[in-house]
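# A look at the structure
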Amino acid sequence: MCDSHTEKSVIRSEKLNLYYGENHALKDVSLDIPAHRISALIGPSGCGKSTFLKTLNRMNDLVPGVRIEGQVLYKGQDIYGKDVDVTGLRKEIGMVFQKANPFPMSIYDNIAYGPRTHGIRSRARLDEIVERSLRDAAIWDEVKDRLNKSALGLSGGQQQRICIARALAVEPQVLLMDESTSALDPISTSKIEELAMELKNRYTVIMVTHNMQQALRISDYTAFFLLGELVEFGDTQTIFSRPAHKRTEAYITGRFG
Amino acid sequence: MRTDFDRQLRLLGGEMREMGVLCQEAIALAAKALSEDSRELAARVPPISAALDQKERDVENICLKLLLRQQPVAGDLRQISAALKMITDMERIGDQAEDIAEIVSSMAPGPRPETELLGHMARAVIQMVTDSVDAYLRQDTELAAQVIARDELVDGYFEKVKKSLVDIIVAGPDLGGYALDMLMTGKYFERIGDHATNIAEWAIYSVTGEHRSEELTSG
């Protein structure tokens, strides 16, 4: 059995509190995310799991009235520190959203967008990055003959993999996935799940999911959130076979409310 | 929120209780047939064993349906998977009661000094089976632990049966066939005790998620 305490951690929150105005959305969340593993964040709607995910690459910064206390340490450094370069942080910690959101441009330009932003101009270098990223996202074979066509012409599942490829193009260390398969059919879902499992060899994957079976199928660790609190974090098989907390058991067995 | 699922879990519990009752009846009848040397009583055991076979399939169907449709986790998963393992032992208990009954039906008449000792064994294993199923239904790990402890008592009885049969064989070679029949009977009771122990271990698993013989949840 694996133990999260013996794993090497990549990102850690310490006594993280987040307020949206009066709403205390995250309460003293301390969580150590193991490197090169898939960690699933589960819990009912409004429990704070997506909010927590977004704090990991400062996607909440722009929300009006947001206030954050505590620390998020990435490689030992507080990402909310004064001289943190947020663009650089998001290069390291990429995100894929619930709804595929390719830019209204060609497949090639979608993938090349990030590297170009970071100053890469060489066509040969960009070609190389585009091919590697699309291969890593398991969609190269499906799009290699239409790289100059609009990404918007692809199916939902393909668009989502384009978004994953776009996130991978800047060579992140951590990939955040916010319900990234919830709008997809079972085949596209299983492609993305397999992809996540392959990616964990090189990246750390943190995913929010409402699909309990998905958390069971692919995650190594599961965190259960409720009303802004982290109730339980542990290896997925233990959480789903003998959770330590009654509230976790009540939620995963559908006895909630 | 999960009314239908809870109803099916109660149905599963009811079926497990009935299987437990059938097991007790089969053992009690076989033991009575032995002590009263009654072929008629012995003839009533095979139909109970057949009913247990049928119940095993019924419970299996309920469990597989629940696994497929409800995709249970945590306590629900443990309750269902424990039931799936327990019914194999319960079905075997029926077979062994039937084996005892078969020996009774074919035994030659004669003195049977060991039947009293075998009667003690029978009562002990019936109690074990009853308690192990109850422990599962009531989620009572203490009761399950008592069942597991009592298995040593049954093993002790079996040792006594063996010793006394050795004396019989030494005393008169013509009693060899009888001694073998009694040895087999004792062995079947002893095996029933082992099955009850298995059931009790699954009852504990269904509560704690930990099984005595192995770490089931490690990945």
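## Re the overall build of chain B
In terms of regular secondary structure, chain B is built from seven helices and zero strands. Ordered by position from the N terminus, the helices and strands of chain B form the series α-α-α-α-α-α-α. The globule rule puts the C-alpha radius of gyration for 219 residues at 17 Å, and the 19 Å found for chain B is close to it. Principal axes of the C-alpha set define a box for chain B whose edges measure 70 × 30 × 25 Å. The buried share of chain B, reckoned over its 219 residues, is 51%. Considering only contacts in chain B between residues 6 or more positions apart, those separated by 24 or more positions represent 82%. Summed over its atoms, the accessible surface of chain B is roughly 10,300 Å², and 52% of this surface lies on carbon and sulfur atoms. Charge separation in chain B, taken as the distance between the mean sites of 24 positive and 38 negative side-chain charges, equals 4 Å.

## Some words on the pattern of salt bridges
Within this structure, the stated rule accounts for 34 salt bridges over all chains. A salt bridge links R138(B) to D134(B), with the nearest nitrogen and oxygen atoms 3.7 Å apart. You can see R138(B) and its partner D134(B) sitting in helix α5 (residues 115-138), four residues apart, about one turn around the helix. Several salt bridges share partner residues, and in doing so they unite R132(A), D136(A), E171(A) and R202(A) into one network.

## Digging into the sheet that holds strand β9 (residues 221-226) of chain A
Residues and elements named next belong to chain A. Overall, mixed pairing links the six strands, which are arranged β6-β7-β8-β3-β9-β10 in an open sheet. Of all strands in the sheet, those with a lone pairing partner are β6 (93-96) and β10 (229-235), marking the two edges. Along the sheet, successive strands turn relative to each other by an average axial angle of 20 degrees, direction set aside. Across the face of the sheet, helix α6 (residues 156-168) comes into contact with β6 and β7 (174-178) while running at roughly 170 degrees to β6.

Thresholds, definitions, all that
Residues numbered from 1 in each chain as written. Chains lettered and ligands numbered in written order. Predicted model: local features only at pLDDT ≥ 70, side-chain atom pairs only at ≥ 80, totals over all residues. Heavy atoms only, no water. Helix = DSSP H or I, 4+ residues; strand = E, 2+ residues; numbered from the N terminus. Rg over C-alpha atoms; globule rule 2.2 N^0.38 Å. Buried < 20%, exposed > 50% of the residue type's maximum accessible area, 1.4 Å probe, protein only. Contact = heavy atoms within 4.5 Å. Areas by Shrake-Rupley, 256 points an atom, 1.4 Å probe, with all protein chains shown as cover. Lys, Arg positive; Asp, Glu negative; His and termini not counted. Charge placed at Lys NZ, Arg CZ, Asp CG, Glu CD. Salt bridge = Lys/Arg side-chain N within 4 Å of Asp/Glu carboxyl O. Pairing = 2+ DSSP bridges. Axes fitted to C-alpha atoms, helices over the stretch in contact; angles between N-to-C directions.

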